[in-house]
There are 2 protein chains.
Amino acid sequence: MEQIKVFSPASVANLSCGFDVLGLALDSKGDDIMVKKIKRKEIILIHTDNYNLPLTVNENVSGKAAQAILDDLNLDFGFEITTHKNIHPGSGIGSSSSSATGTVFAINQLLGNILSEQQQLHYSLIGEHVASGSFHADNVAPSLLGGIILIRGYNPLDYIKLPVPSELWVSVITPKIQIKTYDARRVLKQKVMLKNAIQQCGNLAGLVAGFYRSDYELISRSLVDVLIEPQRAVLIPKFTDLKKKSIAAGALGTGISGSGPSVFSLCKGEENAKKISEVFNSIYKKTGIEYELIVSKVNEKGVKIIQE
Amino acid sequence: MEQIKVFSPASVANLSCGFDVLGLALDSKGDDIMVKKIKRKEIILIHTDNYNLPLTVNENVSGKAAQAILDDLNLDFGFEITTHKNIHPGSGIGSSSSSATGTVFAINQLLGNILSEQQQLHYSLIGEHVASGSFHADNVAPSLLGGIILIRGYNPLDYIKLPVPSELWVSVITPKIQIKTYDARRVLKQKVMLKNAIQQCGNLAGLVAGFYRSDYELISRSLVDVLIEPQRAVLIPKFTDLKKKSIAAGALGTGISGSGPSVFSLCKGEENAKKISEVFNSIYKKTGIEYELIVSKVNEKGVKIIQE
């Protein structure tokens, strides 16, 4: 195989109470990435989108990930990576992770699938680090593997695929303002109240149990973030309205996707997810801020091959 | 029915990463409680053990719980409660919860089972509060209901019964020194590092997933407490030894039971639980401190009727 084209899904990290440990992949949004073997030992980057992302290898998530593979495996050829981003960078739905995992997955296919899942995650994280400045796997892992992923811990990376309740849908609004992950991390206080940490623990455990039981009521009761959301909500215009009105309209819960500015609701069923999307729309159309709406099932497969 | 005798199990709360939100019931240890209807509208307390617990109704966990039921239901009779405690008070394996839940369960049986599970928990918590000074359900709920119980939150009390992996055993050592729950709570700092709270969240989510998957390796990796154990371990003689040597001997994980001084290990299989018990024994027999060893399956039924 000399070239391959893949679709790499967007993802919603954190899921309210699961800050830094939970993420899920979206079905209906992602980047298209074409990787071609080339003779010269180098990485060539092409973007067919209009995001003006850096094309220097070490400053580009795909470039950095690909270069790491090239170096570690001491390959005697290189790759041309053509990316068409459909995910706005900095939108909080795993834009950089999508590009990194898609690239790593595609290269691994071209190499005859010689990298383990763990190794693919490793290289994806190296890429993702370029954009976020940190090694967090809560976008990378769902984007690569699909489904709802729990990152139990790092050193070594320990991830668990959780069951996806069959009627679980996601509604997302992506305001076209940029919040950099790095900045969103800086606003967080380093210390939290023990009682809030315990409440967060209870909710996260309830959410995990809710996924296993397909218990939508329990999922709903558990989708509460007492640690991070109160600190970050101010960064997102109309967050309180989005949350209040979506929940009033039947969303299981609503929170900040990743480090924002995207806001997500988990919903029971497509119909409710569409209704929530209308709620988001009705609030944002008055703001003058550009935005995008996504209604999606949870993507259970992760990166997929579009064309070989 | 005029009288009933029940067995009310001991319990291990917290389970390392599950501080204040997880607890499990033990099979082989508990209090025996006999409740008899009497004509006068009062609560009479008898203890056939030697623990010299207060016999004033409002100062006794069983008395307080029983009185609350008597008052709320405006009954025109009373109860004589004869307790034989087999659980050392203040030992950290839910001694007060066991007496409270056994009493409430027995009274409910005598009343023709008119109280819901929630109501029984409510009255048990009223009793338990006498001893602990707080309303925590992580001993009361497993003692009443059996199994491994997640307390997602309070207001209202939200509890979920988690699956019990079939080979899960518990080994406990109960040093005969007293640590009052009240004091053990006082040593805790009110603030914790956010990064530690996140690590705790990841471990707790991993533990819950481990119970659902019957994944003993995952349970083992998740049984880590970075928030509370570092603060409380000093209260328990030889804690570091107990932990290190039990894990070296194959325990899935070892931690403080409740607020101590009991120390528990979760184990895969009876044989390993017995081996861990020997490890505990070999460490404590040199200390001069009296202690008791318990090897038990998880009790899946909760309070049970011994005699009607």
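Residues numbered from 1 in each chain as written. Chains lettered and ligands numbered in written order. Predicted model: local features only at pLDDT ≥ 70, side-chain atom pairs only at ≥ 80, totals over all residues. Heavy atoms only, no water.

Glancing now at the overall build of chain A. Counting its regular elements, chain A contains 10 helices and 12 strands. Expected size for 308 residues packed as a compact globule is a radius of gyration near 19 Å; at 19 Å, chain A falls within 12% of this value. Taken along the three principal axes of its C-alpha coordinates, chain A extends 60 × 40 × 35 Å. Counting the 308 residues in chain A, one finds 61% classified as buried. The long-range share in chain A, meaning contacts at least 24 apart out of those at least 6 apart in sequence, stands at 73%. Here chain A contributes 33 positively and 30 negatively charged side chains, and the mean placements of these two sets differ by 6 Å. (Helix = DSSP H or I, 4+ residues; strand = E, 2+ residues; numbered from the N terminus. Rg over C-alpha atoms; globule rule 2.2 N^0.38 Å. Buried < 20%, exposed > 50% of the residue type's maximum accessible area, 1.4 Å probe, protein only. Contact = heavy atoms within 4.5 Å. Lys, Arg positive; Asp, Glu negative; His and termini not counted. Charge placed at Lys NZ, Arg CZ, Asp CG, Glu CD.)

This brings us to the interface of chain A and chain B. Each partner contributes residues to the interface: chain A has 35 residues there, and chain B has 35 residues. Summed over both sides, the interface of chain A with chain B buries roughly 2800 Å², with 73% coming from carbon and sulfur. On inspection of chain A and its partner chain B, the count reaches two salt bridges. Remark: the boundary between chain A and chain B carries nine residue pairs in polar contact (both at pLDDT 80 or more). Of all the secondary structure elements, the ones that give two or more residues to the side of chain A that touches chain B are β5 (148-153), β6 (158-162), β8 (191-193), α6 (194-213) and α7 (216-222) of chain A. (Buried area = accessible area lost by both parts, 1.4 Å probe. Salt bridge = Lys/Arg side-chain N within 4 Å of Asp/Glu carboxyl O. Polar contact = N/O pair within 3.5 Å; in protein donor to acceptor, adjacent residues only side chain to side chain.)

We now examine the confidence of the model for chain A. When pLDDT is averaged along chain A, the result is 95, and 100% of the positions lie at 70 or above. Across the interface, the model reports ipTM at 0.95; the global pTM reads 0.96. (pLDDT = per-residue confidence, 0-100.)

This next bit is on the packing of helix α2 (residues 95-110) of chain A against helix α3 (residues 117-132) of chain A. All names here are of chain A. The contact between α2 and α3 brings their axes to 8 Å, and the two run at 145 degrees. For α2 against α3, the interelement crossing comes out right-handed. Of the residues in α3, those in contact with S96, S97, A100, T101, V104, F105 and N108 of α2 are Q120, Y123, S124, G127, E128 and A131. The residue inventory of the contact of α2 with α3, partitioned by class, reads five nonpolar, seven polar and one charged. (Axes fitted to C-alpha atoms, helices over the stretch in contact; angles between N-to-C directions. Left-handed = near helix turned anticlockwise from the far one by under 90°. Nonpolar A, V, L, I, M, F, W, Y, C, P; charged D, E, K, R; others polar.)

Cis geometry marks the peptide bond from N155 of chain A to P156 of chain A; its omega dihedral reads -10 degrees. Note that P156 of chain A resides in the loop between β5 and β6. Unlike most non-glycine residues, D20 of chain A shows phi in positive territory, near 70 degrees. On the secondary structure map, D20 of chain A appears in the loop between β1 (3-13) and β2 (22-38). Backbone geometry at N113 of chain B places phi at a positive 60 degrees, although glycine is not the residue there. Tracing the backbone through its elements, the reader meets N113 of chain B in the loop between α2 (95-110) and α3 (117-132).

This part takes up the relation of the copies chain A and chain B. Superposing chain A onto chain B takes a rotation of 180 degrees plus a shift of 0.0 Å along the axis, which leaves an RMSD of 0.0 Å. Overall, the copies show the geometry of a two-fold rotation axis. In this assembly the copies share their binding face: 100% of the residues contributing to the interface of chain A also contribute to that of chain B. (Least-squares fit on C-alpha atoms with pLDDT ≥ 70 in both.)

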